[in-house]
Every structure is written in C-alpha cells, then in structure tokens.
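Given next are the chains, with one letter for each unit.
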Amino acid sequence: MLHRRANSYSDLLPLDGAREQALRERVSTQHQAVLDELRSGVLKLAQQVQPVAVPAVIDSLALELLNAKSWLAGKRATLQVLVFRKSDGAGVSGARVTARIDGAAEPSEYSTATGTDGKAQLAFDMPRLAGAECALVIEGYNGKSQARLQFQLRAKPKIPAAG
C-alpha cells in the first residue's frame, strides 16, 4: 500500500543550483517524517482492499508495411499493411488502418479495415509537401490496442534542366 503526502514547492521555482538543493532537502525531510510516523504508529495505513477482477490485457498490435520499397510510384501511393498480434504473429481481422502525410500542404487521412488475413491496402495520390519535416504515418487500431509506423520523407532533389 502506498501513502501520499503532497506539499507545494512552487516557492522554489524557477530551479537553480541552490533551490534544487533546497528541494532535495525538503523532499528528504518529508520522506523521513513519513517513515518516522509509520515506525511510531502515528501514521496508520488503511487496510488493503481485495483486488477486483480486471479484464484480460488486450493483446498488443504491430504493423508492417509489406511493400516498404515500392509503395510510391510516381505520385501514387499504394500501402500494403499487415496488422498482427505481437504475441503470436497472427493477422488481426477487422482492424482499422489509417495513413496520413504529416507536413502535407493539405491535411488528409485515408482509412480502411483489414481483411480476415490482417492485411489492408490504402491507395491515394501523394499530397504536395509543405513542411521541412514530412513523414508517412500509418496507424492501426483494434479495440483499445493500437500501433504506429512512421517513415521520414525526403524530397527528391530537383535536377536542373540542361541548358
């Protein structure tokens, strides 16, 4: 069982070397006071409550971009995504898959669901990139579980026209 005692230390902000040392001393003093109260019987902790049954932990998801080397052809993106359980590698049927381009001039998101094999395909025209830090973001959701892939995008250097 845990005990919690809260005190404000806002008078020590902003922290500098001296105030940081004062904070350490106050926290240490408070901790020691709680220990002394426990040992002397002054501080009594509540009896522990019987644990309540908690639903089983939802299996963690993972994503794989199956066509990582060939997803972009010209300006057309075709993402072949596998959503699977980390525990046994089994494909997850009916998971929601979304994709977006962070740093695009016009924000948009594309979405679909996986088939019985855990695979999904998203196809869209690549938006114009406006930011310096652009990324392809793919997310998968199934119940309360989710997974995310992110790939940095680099603009191809413009080749000057022969003149």
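Residues numbered from 1 in each chain as written. Predicted model: local features only at pLDDT ≥ 70, side-chain atom pairs only at ≥ 80, totals over all residues. Heavy atoms only, no water.

This next bit is on the overall build of the protein chain. A count of helices and strands for the protein chain gives one helix and eight strands. Relative to its full complement of 163 residues, the protein chain shows a buried share of 26%. For the protein chain, the computed accessible surface area is about 11800 Å², with 53% contributed by carbon and sulfur atoms. (Helix = DSSP H or I, 4+ residues; strand = E, 2+ residues; numbered from the N terminus. Buried < 20%, exposed > 50% of the residue type's maximum accessible area, 1.4 Å probe, protein only. Areas by Shrake-Rupley, 256 points an atom, 1.4 Å probe, with all protein chains shown as cover.)

With that settled, consider the pattern of salt bridges. For the structure shown, the criterion picks out seven salt bridges. Between Asp102 and Arg100 there is a salt bridge, and its shortest N-O distance comes to 2.8 Å. The network of salt bridges with common partners includes Arg100, Asp102, Glu139 and Arg148. (Salt bridge = Lys/Arg side-chain N within 4 Å of Asp/Glu carboxyl O.)

So, on to the packing of aromatic side chains. Enumeration over the complete set of coordinates arrives at one aromatic pair. Ring centres of Tyr110 and Phe124 lie 4.0 Å apart, and the angle between their planes is 5°; this geometry places the pair in the stacked category. Taken together, the positions of Tyr110 in strand β5 (residues 109-113) and Phe124 in strand β6 (residues 119-125) put the pair 14 residues apart, joining distant regions of the chain. According to the relative accessible area criterion, Phe124 is buried, its value standing at 3%. (Phe/Tyr/Trp six-rings, centres within 6.5 Å; stacked < 30°, edge-to-face > 60°.)

Moving on, we get to the pairing of β6. Where burial is concerned, the two faces of β6 differ: the one with Ala120, Leu122 and Phe124 is buried and the one with Lys119, Gln121, Ala123 and Asp125 is not. Both strand β3 (residues 76-85) and β6 contribute to a ladder of seven bridges, which runs antiparallel. For Leu79, the partnering residue across the bridge sits in β6 and is Leu122. (Pairing = 2+ DSSP bridges.)

This brings us to the nonpolar core. The biggest cluster of nonpolar side chains holds 24 residues, and the ones touching the most others in it are Trp71, Leu79, Val81, Val83 and Ile138. For this core, the element with the most residues is β3, which contributes four residues. Once residues within four sequence positions are removed from consideration, Ile138 is found in contact with Leu63, Leu65, Leu79, Val81, Val97, Thr98, Ala99, Ala147, Arg148, Leu149 and Phe151. (Core = buried A, V, L, I, M, F, W, Y, C linked by side-chain atoms within 4.5 Å. Contact = heavy atoms within 4.5 Å.)

With that settled, the discussion passes to the sheet that holds strand β7 (residues 134-142). Picture the strands of a sheet paired through backbone hydrogen bonds; they go either parallel or antiparallel. Reading across from one edge, β5-β4-β7-β8 is the order of the four strands in this open sheet, with antiparallel pairing throughout. The open sheet terminates on both sides in strands that have one partner only, identified here as β5 and β8 (145-153). Within this sheet the neighbouring strands show an average axis-to-axis angle of 15°, counted without direction. Pairing of strand β4 (residues 96-102) with β7 involves seven bridges; the strand directions are antiparallel. Bridge assignment links Arg96 to a residue of β7, and that residue is Tyr141. (Axes fitted to C-alpha atoms, helices over the stretch in contact; angles between N-to-C directions.)

Taking 1.5 Å of rise per residue, the 24 residues of helix α1 (residues 17-40) would be expected to cover 34 Å, and the 35 Å separating its terminal C-alpha atoms lies within 8% of that figure. With a side-chain oxygen lying 3.2 Å from the backbone nitrogen of Ala18, the N-terminal cap of α1 falls on Asp16. Backbone geometry just after α1 places Gly41 at a positive phi near 90°. (Expected span 1.5 Å × (residues − 1). Polar contact = N/O pair within 3.5 Å; in protein donor to acceptor, adjacent residues only side chain to side chain.)

This part covers the pairing of β8. Sheet topology places β7 next to β8; nine bridges connect them, and they run antiparallel. By the bridge assignment, Ile138 is partnered in β8 with Leu149. With antiparallel pairing between neighbouring strands as the criterion, β7 and β8 make up a hairpin whose turn holds two residues, including Gly143 at a positive phi of roughly 65°.

Attention shifts here to the environment of Gly103. Tracing the backbone through its elements, the reader meets Gly103 in the loop between β4 and β5. The spatial distance from the C-alpha of Gly103 to the C-alpha of Gly131 is 4.6 Å, given a sequence separation of 28 residues. If we skip the residues at most four places from it in the chain, Gly103 touches Leu129, Ala130, Gly131, Glu133 and Cys134.

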